[in-house]
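Working through the structure, step by step
Here is how the chains run, residue by residue.
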Amino acid sequence: MKSHTLPIICLVLLIPALAFGQAVYPSFHTQNDFLLTSPGAMKFGLYGYDNPALTSLLHEPDLAFLWSDQSGKWTDFNRWGFFAARPNVGFGLIHQKVGTLYVTDYRLSLATGNRTMSYGLAYGWSSGYTKTFNRSSLVMIGTLFRPNPYLSLGLVGTLSTQSRGADEGVVDLAARPFGNEFLTVFGDYALQSKQTLADGRWSAGVAIEALPGVRIASRYFDTKGFTVGIQFSLGRVGLATQAHYDKDAK
């Protein structure tokens with residue numbers, strides 16, 4: 001157990017130490033159109049794009065293609081993501097287009113460990129109109145701790161390689177009262193550079209596996225908005241959809 005102590009301490013200390021500039025990469029909560037829950041709460045998150053330690057849980061190659069119609073029609077494909085992974089290795093990208101301008105954010109991650117304790121490291125870079133979208137390359141350090149079937153704890157630190165002090169720390173926690181996927185209660189907290197602890201963003205929610213392979217998730221945000229999503233796992237193929245609502249439930 002002693003070998004696990006230092007990485008956890010480093011990541012915990014990173015979160016309140018964010019005290020300088022502004023992040024120059026997409027923040028953790030901007031990925032919520034692709035995430036039904038906090039990263040460590042259900043399956044493998046975004047295959048290392050959100051927490052590089054998650055790919056250590058994979059037993060075979062897997063991939064996902066996701067897109068969002070929040071900024072237009074579902075056929076516009078103004079924002080989409082592709083994520084692929086094999087055990088301990090993940091690659092993902094998110095492409096975003098606004099008018100004639102676009103940017104693509106890439107991340108390559110490596111992980112090691114087991115289902116109890118895993119660590120990961122990722123490198124991210126961007127292409128397209130990077131100056132317009134204020135992009136910087138980044139390094140991510142992540143860990144996932146699952147001491148038993150009832151609890152999981154994820155910690156992620158993200159640092160810009162080009163802008164000093166542009167950092168973000170994320171904690172996500174999930175509890176499974178029955179020791180399985182039937183009911184999962186989860187929450188996360190993200191703190192960016194120059195934010196006080198009170199200014200950090202958070203979300204909390206619940207995921208239920210109503211039937212084998214059928215998961216329903218709902219998530220509430222500090223903005224008073226919320227999401228409701230459902231995921232179907234059909235053997236080697238799965239489908240998922242999610243709706244976002246603002247504070248007026250629109």
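See the structure printed just above.
The structure reproduced in this document is the subject of the present report. It should be emphasised that the depicted structure is a prediction, and the values quoted were computed from it without experimental measurement.

Parameters and conventions
Residues numbered from 1 in each chain as written. Predicted model: local features only at pLDDT ≥ 70, side-chain atom pairs only at ≥ 80, totals over all residues. Heavy atoms only, no water. Helix = DSSP H or I, 4+ residues; strand = E, 2+ residues; numbered from the N terminus. Phe/Tyr/Trp six-rings, centres within 6.5 Å; stacked < 30°, edge-to-face > 60°. Buried < 20%, exposed > 50% of the residue type's maximum accessible area, 1.4 Å probe, protein only. 1 Å grid on protein atoms, 1.4 Å probe; cavity = no way out; pocket = protein on both sides within 12 Å on 5 of 7 lines; lining within 4 Å. Points joined across faces, edges and corners; volume = space filled by probe spheres on them. Nonpolar A, V, L, I, M, F, W, Y, C, P; charged D, E, K, R; others polar. Salt bridge = Lys/Arg side-chain N within 4 Å of Asp/Glu carboxyl O. Polar contact = N/O pair within 3.5 Å; in protein donor to acceptor, adjacent residues only side chain to side chain. Contact = heavy atoms within 4.5 Å.

Our next topic: the environment of Val 98. Relative to the elements of secondary structure, Val 98 occurs in strand S3 (residues 89-98). In sequence terms Val 98 and Phe 133 are 35 residues apart; their C-alpha atoms lie 9.9 Å from each other.

Our next topic: the packing of aromatic side chains. Counting across every chain of the model gives 14 aromatic pairs. Consider the rings of Phe 34 and Phe 83, whose centres lie 6.3 Å apart with planes at 70°: the pair is edge-to-face. Note that Phe 34 is positioned in the loop between helix H1 (2-14) and strand S1 (62-68) and Phe 83 in strand S2 (residues 79-86), a separation of 49 residues in sequence. The class for Phe 34 is buried, based on a relative accessible area of 6%. For Phe 83, a relative accessible area of 0% translates into the label buried.

A full pass over the atoms with the stated rule returns 2 cavities of 30 Å³ or more. Put simply, the largest cavity is a space of about 80 Å³. Only strand S7 (151-160) and strand S8 (167-175) provide two or more residues apiece to the lining of the largest cavity. For the lining of the largest cavity, the per-class residue count stands at 7 nonpolar, 3 polar and 3 charged. One number sums up the size of the second largest cavity: a volume of about 50 Å³. Every residue along the wall of the second largest cavity is listed here: Tyr 25, Pro 26, Asp 105, Tyr 106, Arg 107, Gly 124, Trp 125, Ser 126, Arg 135, Ser 136 and Leu 138. Elements with a minimum of two residues in the lining of the second largest cavity: strand S4 (101-113) and strand S5 (117-128). Of the residues contributing to the lining of the second largest cavity, the split by class is 5 nonpolar, 3 polar and 3 charged.

Opposite charge on two side chains makes pairing possible when the charged atoms of those side chains draw close. Following the criterion strictly, the structure yields 7 salt bridges and no others. With a shortest N-O distance of 3.6 Å, Arg 236 and Glu 60 are connected by a salt bridge. Placement of Arg 236 in the loop between strand S12 (226-234) and strand S13 (237-245) and of Glu 60 in the loop between H1 and S1 is noted, with a sequence separation of 176 residues between them. Relative accessible area serves as the criterion here: at 43%, Glu 60 is assigned to the partly exposed category. One salt bridge in this structure joins Asp 222 and Arg 201, with 3.5 Å as the shortest N-O distance. In this pair, Asp 222 sits in the loop between strand S11 (214-221) and S12 while Arg 201 sits in strand S10 (residues 201-211), placing the two residues 21 residues apart along the sequence. Accessibility expressed as a relative area gives 27% for Arg 201, which makes it partly exposed.

Let's shift gears to the side chain of Asp 188. Structurally, Asp 188 can be placed in strand S9 (residues 183-192). Overall, Asp 188 belongs to the buried group, its relative accessible area being 5%. A distance of 2.8 Å separates the side chain of Asp 188 from the side chain of Arg 219, its partner in a polar contact. For Asp 188, the residues in contact, after removing those within four places along its chain, are Phe 28, His 29, Ser 38, Val 171, Asp 172, Arg 201, Trp 202, Ser 203 and Arg 219.

For the rest of this paragraph, the subject is unusual backbone geometry. Even without glycine at this site, Asn 88 takes up a positive phi of about 80°. Structurally, the position occupied by Asn 88 is in the loop between S2 and S3. By relative accessible area, Asn 88 is classed as partly exposed at 29%. With a phi close to 60°, Ala 249 is a non-glycine residue in the positive phi region. Topologically, Ala 249 is positioned in the segment after S13. Here Ala 249 falls in the partly exposed class, since its relative accessible area comes to 46%.

Don't take any of this as a statement about function, it's just geometry.
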